[in-house]
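Below, each chain spelled out in residue letters.
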Amino acid sequence: MRVAFVGKGGSGKTTLSALFSRHLARSGAPVLAIDGDINQHLAEALGGEEKPAPPLGAHLPRIKDYLRGTNPRIPSPEAMIKTTPPGRGSRLLRPLGDDELHARHLGRAGGIPLMVTGEFDESDLGVACYHSKLGAVELYLGHLVDGPGEYVVVDMTAGADAFASGLFTRFDITFLVAEPTRKGVSVYRQYRDHAEQFGIRVAVIGNKVTCEDDLLFLKEEVGDDLLTHLEQSPWVRAAEQGRERGELEPHNRHALNILRETVDSHVRDWTRLHRHAVEFHLRNARAWADARTGEDLAAQVDPEFVPGGPATA
């Protein structure tokens, strides 16, 4: 199951991504964490990177070439864009699978399998958009065939910036981390309004709650979308200072349990997930990609193929 953590910068979404990934791994569940934020801090939040791997965003042409496989609708990597959906002949991926892409790009941080989008480097400054790097994550998720009991946790870019691409439709559930402040809930309103247009499920996690007034504020501003909350955590602060001791506070552990129960109760609709992918691919084709590639990219859509469906086998 695919889970995104979003929120205002500084809300604690990276911390929550790491806590949830560790919570899942501690139970023995297979989990893959992906750092999709422009500020690459997830490895540090997980406990340090002991096995770095090449960033996805720096190797996009090679990733495209691998994923297109023998799909006759994609004549070359240059004809493939971040939204190109898989079809018959495409290489599909299993989470943490034994394949070339995972072998090359899977690292480890704090004992958790981790893939990273990568940072801006000097050659990117002033000339590149970060979403060009995020295209590798979008393609990865578009070609991923995962199931119940398998978890992919993505730490997304801050704010409503995720809506600049179709990546926000690639998840089973989106957890929006909100502090109990007006700024904290403003991003929630933006995300909610955009997500509602596509039937995207957004659940709010209150974070850094210190008192009943904080919780009341979140309930008044967010309403039924407030799933649970975490209290201000001395354990998290100590961990961020390199002084991790003992266990996370009981209330905050309970909140993580609620997150997992929410994810596990979701039933994947492969047809709907693929329909969103195709819709955004056609939008991109019409808006810019046909002109840039010189191809009719609508022809890349295989009408008889749905990942996770009968044609996948």
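Scroll up to find the structure.
A brief report on the enclosed structure follows. (Residues numbered from 1 in each chain as written. Predicted model: local features only at pLDDT ≥ 70, side-chain atom pairs only at ≥ 80, totals over all residues. Heavy atoms only, no water.)

## Looking at the sheet that holds strand 2 (residues 31-35)
Step number 1: Within the open sheet, the 9 strands sit side by side as 3-4-5-2-6-1-7-8-9. Their pairing is mixed. What marks the edges here is a single partner per strand, and that holds for strand 3 (49-51) and strand 9 (226-231). In this sheet, adjacent strand axes meet at a mean angle of 30 degrees when their direction is disregarded.
Step number 2: In this fold helix 7 (residues 212-222) packs onto strand 7 (173-178), strand 8 (202-209) and strand 9, with an angle of close to 160 degrees to the strand it touches most, strand 8.
Step number 3: Together, strand 1 (2-7), strand 6 (151-155), strand 7, strand 8 and strand 9 form the strand contacts of helix 9 (residues 250-264), whose direction differs from that of strand 9 by roughly 155 degrees. (Pairing = 2+ DSSP bridges. Helix = DSSP H or I, 4+ residues; strand = E, 2+ residues; numbered from the N terminus. Axes fitted to C-alpha atoms, helices over the stretch in contact; angles between N-to-C directions. Contact = heavy atoms within 4.5 Å.)

## Quick look at the pairing of strand 9
Step number 1: Both strand 8 and strand 9 contribute to a ladder of 4 bridges, which runs parallel. Opposite Val-209, over in strand 9, you have Glu-231 as the bridge partner.
Step number 2: One crossover worth recording links strand 8 to the parallel strand 9 by way of helix 7, and it is right-handed. (Right-handed = clockwise from strand over helix to strand, strands pointing away.)

## Quick notes on helix 7
Helical geometry note: an α-helix holds 3.6 residues per turn, so side chains three or four residues apart project in the same direction.
Step number 1: Of the positions making up helix 7, those classed as buried are Asp-214, Leu-215, Phe-217, Leu-218 and Val-222. Considered in projection along helix 7, the buried side chains sweep an arc of 155 degrees and stay on one side of the axis. Seen from the buried face of helix 7, the exposed residues on the opposite side, beyond 90 degrees, are Glu-212, Asp-213 and Glu-220.
Step number 2: Just downstream of helix 7, Gly-223 is the residue with a positive phi angle, here 70 degrees. (Buried < 20%, exposed > 50% of the residue type's maximum accessible area, 1.4 Å probe, protein only. Arc of directions from axis to C-beta.)

## Looking at the packing of helix 1 (residues 13-26) against helix 9
When two helices pack together, you describe them by how their axes are tilted relative to each other and by the distance separating the axes.
Step number 1: Where helix 1 contacts helix 9, the axes come no closer than 10 Å and their chain directions differ by 75 degrees. As summarised for this structure, helix 1 and helix 9 are arranged roughly perpendicular, according to the angle between their axes. Contacts between helix 1 and helix 9 involve Leu-16, Leu-19, Phe-20, His-23 and Leu-24 from the first element and Arg-253, Leu-256, Asn-257, Leu-259, Arg-260 and Val-263 from the second.
Step number 2: The class makeup of the residues in the contact of helix 1 with helix 9 is 7 nonpolar, 2 polar and 2 charged. (Parallel < 35°, antiparallel > 145°, perpendicular 65-115°, else oblique. Nonpolar A, V, L, I, M, F, W, Y, C, P; charged D, E, K, R; others polar.)

None of the figures reported here should be taken as evidence of function without further support.
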